[in-house]
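# Examination of the molecular architecture
Here are the chains, one letter per residue:
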Amino acid sequence: MSENQNYIVQEDDICLVSYPKSGNNFLLFLVATLLYKTKIDWSTKGKMIQNVATEPIKGLPSPHLVWSHEGYDPTYPKVIYLVRDPRDIVISYHHHNRKYYADPRNFDDFFDAFMEGSIGPAGPWDKNVESWLDNRDKVKKGFLLIKYEDLLVNTSKNAHRIIKFLNLDRTEEEINEAVDWASFDNMKALEKKQSIHLNGNSPFVNPKMPFVREGKANKWKSVLNQNQQKQINQKFHTALTRLGYEIST
């Protein structure tokens, strides 16, 4: 268990794990709506879903839905792991740090730090991802891998995978409602109404920069230069290949 964790994972918890900026909220909105039959939003997310690195939330619905950016942890009993192309992650991560931490680095400098794994506590992307891939069979109550790109293209199909994994009984109408609720268009609309719950009162936050952006895949093809593409393809080659991502030459 990571030293910065305050919440102690319980035996019946459902853990949603991903590297930062992998589309975590997209998955959280979908799973929570399917699991609790309640449409969570930015104002209720912090009351219904537990961040493993923060103090326990009182009155959490059961079973607890817990989210984390940690590498493999044997105490996590049931895991849905969301993975995203790191070439898109670095773009989203740069935007996030500019919005919330007034990060002064230009994209090229930020990219270099990302490649070094020094952006945050999650460490290098490939180490985080492979720690779960290598230990997936050890997760006691099951491990479900979801690719962000697949979730984006066919949210309904992955909603059915999630329902099966969690042994839920939901109607097609309930599934469709959850898919619509978790859509980027809806999350953007909710952000406009509930920005205070995303921006808070930190002096570093830039309220003019949106939290929910495009959510598109393969943005990296028009943002990363050839040298950056080559670097990331070489360093993360093994993990990219294991996950079936395109490796440009």
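Every value quoted in this text rests on a predicted model; they were computed, and no experiment measured them. (Residues numbered from 1 in each chain as written. Predicted model: local features only at pLDDT ≥ 70, side-chain atom pairs only at ≥ 80, totals over all residues. Heavy atoms only, no water.)

### A short note on the overall build of the protein chain
As a reminder of what qualifies: Secondary structure elements are taken from DSSP: a helix is a run of H or I of four residues or more, a strand is a run of E of two residues or more, and numbering for both begins at the N terminus. For every residue, the accessible area obtained with a 1.4 Å probe (protein chains only) is divided by the maximum for its type, and the residue is called buried under 20%, exposed over 50%, and partly exposed between those limits.
Looking only at helices and strands, one finds 13 helices and 5 strands in the protein chain. Out of the 249 residues belonging to the protein chain, those deemed buried represent 55%.

### Considerations on the pattern of salt bridges
Put simply, the rule reads: We count a salt bridge whenever a side-chain nitrogen from Lys or Arg sits within 4 Å of a carboxyl oxygen from Asp or Glu.
Tallied over the entire structure, the rule returns 6 salt bridges. Between Glu130 and Arg242 there is a salt bridge whose closest N-O contact spans 3.3 Å. Placement of the pair is Glu130 in helix H5 (residues 125-135) and Arg242 in helix H13 (residues 237-242), with a sequence separation of 112 residues. On the basis of relative accessible area, Glu130 is assigned to the buried category, the value being 15%. Put simply, Glu130, Asp134 and Arg242 are held in one network by salt bridges that share partners.

### Overview of the pairing of strand E1 (residues 14-18)
This is how the line gets drawn: Here a strand pair is declared whenever DSSP counts at least two bridges between the two strands.
Burial analysis of E1 places 5 of its 5 residues in the buried class, which makes it a mostly covered element. The two faces of E1 match: Ile14, Leu16 and Ser18 on one face and Cys15 and Val17 on the other face are all buried. In this structure, E1 lies alongside strand E3 (residues 65-68), joined through 4 bridges in parallel fashion. Directly across from Ile14, in E3, lies its bridge partner Leu65. Taken together, the 4 bridges between E1 and strand E4 (residues 79-83) define a ladder with parallel strand orientation. When the bridges of E4 are listed, Val17 appears paired with Tyr81.

### Considerations on the sheet that holds E3
We count it as follows: For helices, the axis comes from a line fit to the C-alpha atoms of the stretch in contact; other axes are also lines fit to C-alpha atoms, and the angle between any two N-to-C directions lies between 0 and 180 degrees. Contacts were defined at the residue level, with two residues in contact if any of their heavy atoms lie within 4.5 Å.
Strand order in the open sheet made by the 5 strands is E2-E3-E1-E4-E5, with parallel pairing throughout. Both outer strands of the open sheet, strand E2 (49-51) and strand E5 (143-147), are each paired with one neighbouring strand and no more. Strand-to-strand twist of the sheet, defined as the mean angle between neighbouring strand axes without regard to direction, takes the value 25°. Sheet strands touched by helix H1 (residues 24-36): E1, E2, E3, E4 and E5. Its angle to E3, the strand with the most contacts, is close to 170°. Against the sheet, H5 engages E1, E4 and E5, with an angle of about 145° to E4.

### Things to note about helix H3 (residues 86-101)
Note that an α-helix has 3.6 residues per turn; residues three or four places apart therefore point the same way. Inclusion rule: Multiplying 1.5 Å by the helix residue count minus one yields the expected span of that helix.
Spanning 16 residues, H3 covers 21 Å between terminal C-alpha atoms, matching the ideal 22 Å at 1.5 Å per step. Where burial is concerned, most of H3 is hidden: 14 out of the 16 residues are buried. Remark: Ala102 follows H3 within two positions and exhibits a positive phi of approximately 50°.

### So, the packing of H3 against helix H4 (residues 107-116)
To keep things clear, this is the line we draw: These descriptions rest on fixed angle ranges, namely under 35 degrees for roughly parallel, over 145 for roughly antiparallel, 65 to 115 for roughly perpendicular, and the rest for oblique. The crossing is said to be left-handed when, going from far helix to near helix, the turn is anticlockwise and less than a right angle, and right-handed when the turn is clockwise. Amino acids outside the nonpolar list (Ala, Val, Leu, Ile, Met, Phe, Trp, Tyr, Cys, Pro) and the charged list (Asp, Glu, Lys, Arg) are all regarded as polar, and Gly is one of them.
Packing of H3 against H4 brings their axes to within 10 Å, and their N-to-C directions diverge by 120°. Considering the angle they form, H3 stands oblique to H4. Regarding H3 and H4, the two cross each other, and that crossing is right-handed. Facing Pro86, Ile89, Val90, Ile91, Tyr93, His94 and Asn97 of H3, the residues of H4 in contact are Phe107, Phe110, Phe111 and Phe114. Here the contact of H3 with H4 is composed, by residue class, of 9 nonpolar, 2 polar and no charged.

### Details of the nonpolar core
Counted only if it meets this: As used in this record, nonpolar core signifies buried Ala, Val, Leu, Ile, Met, Phe, Trp, Tyr and Cys residues forming a set joined through side-chain atoms within 4.5 Å.
With 38 residues, the main nonpolar core has Val79, Tyr81, Phe114 and Trp125 as its most contacted residues. Looking at this core, the elements that each hand over two or more residues are E1, E4, H3, H4, H5, E5 and H13. Of the residues forming this core, the biggest block, 6 residues, is contributed by H4. Core analysis: the second largest hydrophobic core is formed by 36 residues, Leu27, Ala32, Leu35 and Ile162 among them.

### Side note on the packing of aromatic side chains
Definition in use: For Phe, Tyr and Trp, rings pair up if their centres lie within 6.5 Å, where Trp contributes its six-membered ring, and each pair is then called stacked (planes under 30 degrees apart), edge-to-face (over 60) or tilted (otherwise). The criterion for a charge sitting over a ring is simple: Lys NZ or Arg CZ within 6 Å of the ring centre, and within 35 degrees of the ring normal.
Summed over all chains, the structure comprises 12 aromatic pairs. For the ring pair Tyr81 and Trp132, a centre distance of 6.1 Å and an interplane angle of 35° mean the geometry is tilted. Residue Tyr81 is located in strand E4, and its partner Trp132 is located in helix H5; the two are separated by 51 residues in the primary sequence. In terms of burial, Tyr81 and Trp132 fall into one category: buried. Relative to Phe236, the ring of Trp125 has its centre 5.3 Å away and its plane inclined at 55°; by these criteria the two rings are tilted. Residue Trp125 is located in helix H5, and its partner Phe236 is located in the loop between helix H12 (226-235) and H13; the two are separated by 111 residues in the primary sequence. According to the relative accessible area criterion, Phe236 is buried, its value standing at 0%. In this structure an aromatic cluster arises from ring pairing among Tyr19, Tyr93, Phe110, Phe114, Trp125 and Phe236. One cation-aromatic arrangement involves Arg87 over Trp220; the distance from NZ or CZ to the ring centre is 4.1 Å. Between Lys147 and the ring centre of Tyr245, over which it is positioned, the NZ or CZ distance is 4.2 Å.

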